[in-house]
Amino acid sequence: MTNRPEGAARAERNQRRAAARERAAKARLQQKRRQRGVRLGLQVGLGVVLLAAATVVTLVLLDSTKPAGPGPSSMPQGGITIAQGMTPVSETGSSASSSPSASTSASAGAEPVRITMYVDYLCPFCGQFEKANSDYIEGLVESGVATVDIHPIAILANRSQGTKYSLRAANAAACVAQSSPDQFFAVNRALFAAQPEENTPGLTDAQLKKVVGGVRGVEAKSTIAKCIDDQRYGKWVDERTTAVSGGDIPGSSLKDFPGTPLVLVNGQQYEYSQPFTNEEFRTFVITVAGSGEQTPTPTPTPSASASASASAS
C-alpha cells in the first residue's frame with residue numbers, strides 16, 4: 001500500500017475542519033433564531049396577558065363607577081309606604097296597587113300617624129324590635145290610623161363572612177317591592193323570622209328565595225327569583241345605604257344616622273331602651289299622635305292582635 005501524499009492529507013483535514021465550522025455556524029444561527037422566536041412569543045404572550053388584565057380592570061372600574069339603576073317603583077325615596085289593607089300607597093297618598101281597600105286615613109279629615117323604619121335584615125336589634133312591635137304596627141295600619149314606611153338598608157353588609165347577607169336580603173325585599181308590593185309587609189316579617197345571627201354567612205340566595213316564595217300571596221315568583229339571583233337592586237341598596245349613613249334620611253330632620261333600627265313616628269325619633277317592649281313603643285306612638293292637631297290616637301280594630309288592641313284602647 002502506498003502512503004497518501006502529505007499535502008492531500010492536510011487538505012482533507014482542512015476540509016473537514018471547514019465543514020465542522022460551517023455546521024457549528026449553522027447550529028448557532030438556528031439557536032439564535034429559536035431564541036428570538038421564544039423571546040418574541042413571550043413578548044406577544046405577555047402583551048396579550050397585560051392587555052386582557054387592563055381590559056378586566058377597565059371593565060371593573062367602569063362597572064363600579066356606573067350609577068345605580070332605578071329602585072323599585074314603589075320605593076321612590078328608598079322606602080315603601082304601607083297603608084290600610086296592608087297595601088302600598090304612592091307618595092301622593094293614592095293606592096299603588098289595584099286593591100280598593102288601600103287608604104291613607106282612618107276617617108275623613110284625619111291624618112294617619114306615620115311610622116318610618118330603617119332596618120337591616122341582619123341587625124339583631126331590628127329583629128328584636130320587630131318581634132316586640134310588628135303585631136302592634138300591623139294592627140294600627142290595618143285600622144287605618146297609621147301608615148308604615150319601611151326602608152331596607154345594608155349597614156351590616158360586612159358582618160356575614162364575606163357573603164354580604166344584609167345587601168342580598170335588602171335586594172330580595174326590593175325585588176318583592178317591585179313585583180309583589182301587596183305582600184311586602186308579610187315578606188318583611190318573614191325575613192326577620194328567618195334572621196340569621198351576625199358574623200355568620202347568613203342565608204344563601206336559594207334560601208332567600210324559599211323564604212320569600214313561602215309567603216302566602218306572593219306573585220311573580222319566577223321574576224322575583226331571577227331578581228334575587230341577579231341582585232338587580234344590589235347597587236341601588238348600596239347607594240341608598242351610603243346616602244342614609246351620610247345623613248340623607250327621608251322622613252326625618254336628623255342630620256346624623258344613629259344606626260339601625262331607626263324608628264320615627266311623625267318624624268320624631270323613638271329613643272328605645274333594652275329590652276324592647278311593646279308598652280314603651282305604644283306609649284311613644286300615643287304621645288306623639290296626641291301632640292298633633294289632626295292626628296288621632298291609634299286605636300286598632302278588633303281584628304288586630306290582642307296586644308295591639310288592648311294597648312291602644
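In this text, all values refer to a predicted model and were calculated from it rather than measured experimentally.

Engineer: Quick one: what's the story with the overall build of the protein chain, residue by residue and with numbers?
Structural biologist: Assigned secondary structure in the protein chain consists of 9 helices and 6 strands. For the protein chain, contacts bridging at least 24 residues in sequence account for 70% of all contacts bridging at least 6. By element, 54% of the accessible surface of the protein chain is carried by carbon and sulfur atoms, the whole surface being about 16900 Å².

Engineer: Describe the packing of aromatic side chains, naming the residues involved and giving the relevant values.
Structural biologist: Evaluation of the coordinates by the stated rule reveals 11 aromatic pairs. The interplanar angle of 90° and the centroid separation of 6.2 Å between the aromatic rings of Tyr136 and Phe281 together place this pair among those described as edge-to-face. With Tyr136 in helix α2 (residues 124-143) and Phe281 in helix α8 (residues 278-290), the pair connects residues that are 145 residues apart, well separated along the chain. On the basis of relative accessibility, which here comes to 1%, the residue Tyr136 falls in the buried class. Within the aromatic cluster, the residues linked to one another by ring pairs are Phe129, Tyr136, Tyr270, Tyr272, Phe276, Phe281 and Phe284.

Engineer: Explain the pairing of strand β5 (residues 262-265) residue by residue, including any values.
Structural biologist: Neither face of β5 is left uncovered, since the one carrying Leu262 and Leu264 and the one carrying Val263 and Val265 both have all their residues buried. For strand β3 (residues 113-119) and β5, the ladder comprises 4 bridges, and the chain directions are antiparallel. By the bridge assignment, Met117 is partnered in β5 with Val263. Hairpin connection of β5 to strand β6 (residues 268-269): 2 residues between the antiparallel strands, including Asn266 at a positive phi of 50°.

Engineer: Outline the confidence of the model for the protein chain, supporting the account with residue identities and numerical values.
Structural biologist: On average, residues of the protein chain score 82 in pLDDT, and 75% of them reach the 70 mark or higher. Here residues 92-108 is modelled with pLDDT under 50, and outside its nearest four sequence neighbours on either side it reaches 28 contacts, counting other chains as well.

Engineer: Break down the state of the cysteines for me, citing the residues and quoting the values.
Structural biologist: Disulfide: a covalent bond connecting the sulfur atoms of a pair of cysteines. Evaluation of the coordinates by the stated rule reveals 1 disulfide. The disulfide partner of Cys175 is Cys227, and the gap between their sulfur atoms is 2.0 Å. Taking the sign of the torsion about the S-S bond as the criterion, the disulfide between Cys175 and Cys227, at about -80°, is left-handed. With Cys175 in helix α3 (residues 165-179) and Cys227 in helix α6 (residues 221-230), this pair connects stretches of sequence that are 52 residues apart. With respect to class, Cys175 is no different from Cys227; both count as buried.

Engineer: Outline unusual backbone geometry, listing residues and values.
Structural biologist: That bond from Thr260 to Pro261 is cis: its omega, -5°, falls within 30 degrees of zero. With respect to the element layout, Pro261 can be found in the loop between α7 (234-245) and β5. Across the junction of Gln274 and Pro275, the peptide omega takes the value -5°, indicating a cis bond. Along the chain, Pro275 turns up in the loop between β6 and α8. Although it is not a glycine, Gln161 adopts a positive phi angle of roughly 55°. On the accessibility criterion, Gln161 (58% relative accessible area) is exposed. Positive phi, normally seen in glycine, also occurs at Asn199, with a value near 65°. If you trace the backbone, Asn199 turns up in the loop between α4 (184-193) and α5 (205-213).

What counts and what doesn't
- Residues numbered from 1 in each chain as written.
- Predicted model: local features only at pLDDT ≥ 70, side-chain atom pairs only at ≥ 80, totals over all residues.
- Heavy atoms only, no water.
- Helix = DSSP H or I, 4+ residues; strand = E, 2+ residues; numbered from the N terminus.
- Contact = heavy atoms within 4.5 Å.
- Areas by Shrake-Rupley, 256 points an atom, 1.4 Å probe, with all protein chains shown as cover.
- Phe/Tyr/Trp six-rings, centres within 6.5 Å; stacked < 30°, edge-to-face > 60°.
- Buried < 20%, exposed > 50% of the residue type's maximum accessible area, 1.4 Å probe, protein only.
- Pairing = 2+ DSSP bridges.
- pLDDT = per-residue confidence, 0-100.
- Disulfide = S-S within 2.5 Å.

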